[in-house]
Amino acid sequence: MYRSHSCGQLRASDINKEVTLAGWVQKTRDKGFMIWVDLRDRYGITQLIFDEERTPAAVVEKAKTLGREFVIQIKGTVIERESKNKNIPTGAIEILVSELTTLNESIIPPFTIEDETDGGEDIRMKYRYLDIRRNPVKNSLMFRHQVAMQVRNYLSQEGFIEVETPYLIKSTPEGARDFVVPSRMNEGQFYALPQSPQTFKQLLMVGGMDKYFQIVKCFRDEDLRADRQPEFTQIDCEMAFVEQEDILAIFEGLTRHLIKDIKGVELSDFPRMTYDEAMRTYGNDKPDIRFGMKFGELNKVAQHKEFKVFNDAELVVGIAVPGGASYTRKEIDKLVDWVKRPQVGALGMVYVKCNEDGTYKSSVDKFYDQEDLATWASTTDAKPGDLICVLSGKTHKVRAQLSALRMELAERLGLRNPEEFAPLWVVDFPLLEWDEDTARYHAMHHPFTSPKPEDIPLLDTKPGDVRANAYDLVLNGNEIGGGSIRIHDKETQALMFDHLGFTPEEAKAQFGFLMDAFQYGAPPHGGIAFGFDRLVAILGGQETIRDFIAFPKNNSGRDVMIDAPAHIDQQQLKELNIKLNLQ
Ligand code: ASP
């Protein structure tokens, strides 16, 4: 038996017990006649004492050789601690050691294994297994497990069953590139790793499984953005014989259950907003509604004067920043610089100070009088003391820019409280989205999403106006889930592929299996997938998902610990019949 107790377990009630503990040496304090060692495992820290008078001399000598992160096993007696440590659960006791075995030594770790470590991000990633010994990371992984268990419990109780779907598949389009795996036995052919189990879960519905879920890895070869992982985990679900309402009800229930169970917060019915409204009022399809600063569109009240910048713009839109009228000239200049950064990309910013005395002072006083500015204030819901920030230009660009400014200001003003939960369903997404690069329409969600039946006639005339039976669940400005009601008949699916620019042959080659399946009595169905890593991070009150992933990749998609991706040797390449053409 390696241990009778864990390092987090012993209390005053255990005094006089003979125990065996095993763990890592967190630190040692050597006072000559007395040595203290903090022994750590997953469960906590227990103080050991080696005392010249009461511990065998050879054991004391051995204790002197212990270094940080040595793995040891000790036997000893639980005794009362003289100076108690109220900060840890085992702080009332210590172990008077009688036997010490070194199970393994450790070289000096590259950073301190403490809650507040001296190790930077890079070094901690390289030695992730050491980082996992630290409480913040360890606790995050345990928290993730707890959330996963709650998800499984809830969905199982609702009658869902978890079914595993394959990883070596053919492309499933979710808007990213596929990671591909060459097949040795099928020369020149490749598997794709799933961007999601989308087609398989639909086939499970054809198979009559009716309520499916899976906590599953997905792989997307996307351009890297901060806090995005090329492999990530989804709670993937599908249901048959349902309408949009049924799906929203179940997954609203799941989210409410998680927030109640984990955060102790009871949420009422989730508000809903159409995609159009979200874009108009927040410039964004995943608005953070914990705070206001709603967009006020100013075209009507700002394009009647000689100000060319506004007159030429497709959209003139502003937000009111609470208390912003007190910003100094310098602070406002900094805001202007902020929106002009390439990441945001605005050409400039017009501002209006709404003075406490009811007057206005703007950067465009030359063009607009007090009456004009008063209408801007009412349109943006600005109060005396606020600052109105106005951007203008092409609608989709300006919305994105003002939305970025809104989020930045909310952050600075402390309006994004991680302990507050503001869920929102965004519904009625467009079916198609125009892609400038390829000069074609793409499926906004994925090609299996059903158009709203009443909008189908628009497919030929105004494809961009066709709405889909698609929905996203947004929590505190993050998209945590998205899904849709699916097409379940061959004709509509063929029509959809046609509109997405597939020839019938291409559609058959890529998705013939699905269209074939639709001929054998496919039930109406729909589903949703939640981004599990992000959900866990939000529930854990954190912005970054990395700490909740045991072995994450860095921002360049590399695993710096195992050093992947890596070259493979000639023999492997030969077997795969792959010739590299590297310069
Ligand atoms: N497969 C979709 C996704 O990964 C989710 C869904 O439509 O159920 O976003």
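Everything numeric here is computed off the predicted structure, so don't read it as measured data. (Residues numbered from 1 in each chain as written. Predicted model: local features only at pLDDT ≥ 70, side-chain atom pairs only at ≥ 80, totals over all residues. Heavy atoms only, no water.)

Caption draft 1: Inspection of the packing of helix α5 (residues 198-206) against helix α15 (residues 504-517) at higher detail. Contact geometry for α5 and α15: axes closest at 10 Å, N-to-C directions at 20°. By the angle between their directions, the pair α5 and α15 is classed as roughly parallel. Read as a crossing pair, α5 and α15 show a hand that is left-handed. From α5, T199, Q202, L203 and V206 reach across to α15, where they touch F513, L514 and A517. Residue composition of the contact of α5 with α15, grouped by class: five nonpolar, two polar and no charged. (Axes fitted to C-alpha atoms, helices over the stretch in contact; angles between N-to-C directions. Helix = DSSP H or I, 4+ residues; strand = E, 2+ residues; numbered from the N terminus. Parallel < 35°, antiparallel > 145°, perpendicular 65-115°, else oblique. Left-handed = near helix turned anticlockwise from the far one by under 90°. Contact = heavy atoms within 4.5 Å. Nonpolar A, V, L, I, M, F, W, Y, C, P; charged D, E, K, R; others polar.)

Caption draft 2: Local environment of the environment of D357. Checked against the element boundaries, D357 lands in the loop between β14 (350-354) and β15 (360-362). The spacing of D357 and F551 is 194 residues in sequence and 57 Å in space, taken between C-alpha atoms. Here the side chain of D357 touches T359 through a polar contact of 2.6 Å, side chain to side chain. (Polar contact = N/O pair within 3.5 Å; in protein donor to acceptor, adjacent residues only side chain to side chain.)

Caption draft 3: Just the site of the ligand, in detail. Among the 14 residues in the neighbourhood of the ligand, the closest are listed as E174, Q198, K201, H445 and R486. Contacts to the ligand include S196, whose side-chain N or O atom sits 3.2 Å from a nitrogen atom. In this structure, an oxygen atom belonging to the ligand sits 3.4 Å away from a main-chain N or O atom of I528. Relative to its unbound accessible area of 270 Å², the ligand is 93% covered by the protein chains. (Near = heavy atom within 4 Å. Areas by Shrake-Rupley, 256 points an atom, 1.4 Å probe, with all protein chains shown as cover.)

Caption draft 4: View of the environment of Y471. Along the chain, Y471 turns up in strand β20 (residues 470-475). On the accessibility criterion, Y471 (0% relative accessible area) is buried. A polar contact of 2.9 Å, which involves the side chain of Y471, links it to the backbone oxygen of G527. (Buried < 20%, exposed > 50% of the residue type's maximum accessible area, 1.4 Å probe, protein only.)

Caption draft 5: Here's a closer look at the sheet that holds β20. Sheet architecture is open: eight strands sit in the order β6-β9-β10-β22-β21-β20-β17-β11, paired in mixed fashion. Each of the sheet's edge strands pairs with one partner strand only, and the pair in question is β6 (161-162) and β11 (272-274). Of the strand pairs in this sheet, β11 and strand β17 (residues 423-427) are connected by three bridges, and their pairing is parallel. Each residue of the ladder has a partner; that of M273, found in β17, is V426. Where helix α6 (residues 244-263) meets the sheet, it contacts β10 (231-240), β11, β17, β20, β21 (478-485) and β22 (525-531), and its direction lies at approximately 25° from that of β22. (Pairing = 2+ DSSP bridges.)

Caption draft 6: Expanded view of the pairing of strand β19 (residues 440-443). Bridging between strand β18 (residues 432-435) and β19 involves four bridges; their strand directions are antiparallel. Counted as the bridge partner of L432 is A443 from β19. Connecting β18 to the next strand, β19, in antiparallel fashion are four residues, including A439 with a positive phi near 50°.

Caption draft 7: The arrangement of the pattern of salt bridges in detail. For the coordinates displayed, the defined rule picks out 43 salt bridges. Between R416 and D288 there is a salt bridge, and its shortest N-O distance comes to 3.0 Å. One end of the pair, R416, is in the loop between α12 (395-412) and β17; the other, D288, is in the loop between α7 (275-282) and β12 (296-297), and 128 residues separate them in sequence. Two residues, E408 and R412, come together in a salt bridge whose shortest N-O distance is 2.9 Å. Highlighted residues: E408 and R412, both in helix α12, separated by four residues, approximately one helical turn. Residue E408 is classed as partly exposed on the basis of its relative accessible area of 23%. A cluster of three or more residues bridged by salt bridges with shared partners is formed by E121, R124, R128, D131, R134 and R546. (Salt bridge = Lys/Arg side-chain N within 4 Å of Asp/Glu carboxyl O.)

Caption draft 8: Here's a closer look at the side chain of S183. Looking at where S183 falls in the secondary structure, it is placed in the loop between β7 (180-182) and β8 (190-192). Polar contacts involving the side chain of S183 include one to the side chain of N186, which spans 2.9 Å. Once you skip the residues sitting within four places of it in the chain, S183 turns out to touch Q189, F190, Y191 and L576.

Caption draft 9: Focus on the nonpolar core. Grouped together as the largest cluster of nonpolar side chains are 42 residues, with contacts concentrated most on V147, V151, L155, F251, W425 and F530. Looking at this core element by element, the count peaks at eight residues for α6. Apart from the residues lying within four places of it in its own chain, the contact partners of L155 are F160, F213, I235, C237 and F251. Residues Y275, F448, M496 and F518 belong to the second largest nonpolar core, which totals 28 residues. (Core = buried A, V, L, I, M, F, W, Y, C linked by side-chain atoms within 4.5 Å.)

Caption draft 10: Spatial organisation of unusual backbone geometry. A cis amide bond, omega 0°, links A564 with the succeeding residue P565. The topology assignment puts P565 in the loop between α16 (532-539) and α17 (570-575). Look at N16: it is not a glycine, yet its phi comes out positive at around 85°. Within the secondary structure, N16 sits in the segment before β1 (18-30). Taking the relative accessible area as the measure of exposure, N16 reaches 61% and is therefore exposed.

Caption draft 11: Inspection of the environment of R546 at higher detail. Mapping R546 onto the fold places it in the loop between α16 and α17. The class for R546 is buried, based on a relative accessible area of 13%. Setting aside chain neighbours within four positions, we find R546 in contact with E121, M125, R128, D227, Q229, P552, K553, N554 and N555.

Caption draft 12: Structural view of the packing of aromatic side chains. Within the structure shown, the criterion is met by 20 aromatic pairs. Ring centres 4.9 Å apart and planes at 35° place the aromatic pair F307 and F367 in the tilted group. Taken together, the positions of F307 in the loop between α8 (299-302) and α9 (308-311) and F367 in the loop between β15 and α11 (370-380) put the pair 60 residues apart, joining distant regions of the chain. Look at F367 and you get partly exposed, because its relative accessible area is 25%. Note on F502 and F511: the rings are 6.2 Å apart at their centroids and 65° apart in plane angle, and the pair reads as edge-to-face. The same class applies to F502 and to F511, which are both buried. (Phe/Tyr/Trp six-rings, centres within 6.5 Å; stacked < 30°, edge-to-face > 60°.)

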